[in-house]
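Topology and contacts: notes
Chain by chain, the residues run as shown.
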Amino acid sequence: KEKPDLLVLTEHFHNLCNPPLPFGEWFVDIDHLSVKTVSKLARKYNMYIGAGFHILEEGNRYNSILLFDRCGEIISRYNKTHLTMGEYLKGIVPGDGPVTVDTDIGRIGLMLSWDTWFPAFFEQYYSKQCDIIVNPTRSPRIIIR
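Residues numbered from 1 in each chain as written. Predicted model: local features only at pLDDT ≥ 70, side-chain atom pairs only at ≥ 80, totals over all residues. Heavy atoms only, no water.

1. Regarding the sheet that holds strand 7 (residues 106-110)
Taken in spatial order, the 3 strands make up an open sheet running 6-7-8, and their pairing is mixed. Single-partner strands in this sheet number two, and they are strand 6 (99-103) and strand 8 (132-134). Within this sheet the neighbouring strands show an average axis-to-axis angle of 30°, counted without direction. Bridging between strand 7 and strand 8 involves 3 bridges; their strand directions are parallel. Residue pairing in the sheet places G109 in a bridge with I133 of strand 8. (Pairing = 2+ DSSP bridges. Helix = DSSP H or I, 4+ residues; strand = E, 2+ residues; numbered from the N terminus. Axes fitted to C-alpha atoms, helices over the stretch in contact; angles between N-to-C directions.)

Pasting the structure below:
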């Protein structure tokens, strides 16, 4: 009955399956079925969707958020800036700082999980006058019922 303007899916939600995918299968490109599916859902429900993906681009691995608009178009992408040691050891490449995008529901800033441990990062978003910060994160434990 409710029609939300924004849905935020968890960090790399497309990998949360049982049994877990092997690390080599985590990474997708922008044309992957899971990306296209989120695009279709954003369009169908006329909402913004912030979705966490592991992206493979030009041989580099990123932990990213894709922000889809109401038409299902990717209007912004953020590559996680503050990586965990585990991510570094797995060859994930860090992003280069804050990303914002103006929408009809306000200015949206994008960050991921571990970024919340860095207060200066929030201050950068504050200085960019963000109305909303989309911050997908995930639990280390998967519960499937």
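Now that the structure is up, let's keep going.
2. Looking at the pairing of strand 6
Burial along strand 6 is one-sided: the face carrying V99, V101 and T103 is buried and the face carrying T100 and D102 is not. In terms of strand pairing, strand 6 meets strand 7 through 5 bridges, oriented antiparallel. Opposite V101, over in strand 7, you have I108 as the bridge partner. (Buried < 20%, exposed > 50% of the residue type's maximum accessible area, 1.4 Å probe, protein only.)

3. Considerations on the environment of P22
For P22, the location among the structural elements is in the loop between strand 1 (6-8) and strand 2 (27-28). Measuring from C-alpha to C-alpha, the distance between P22 and D131 comes to 37 Å, with 109 residues separating the pair along the chain.

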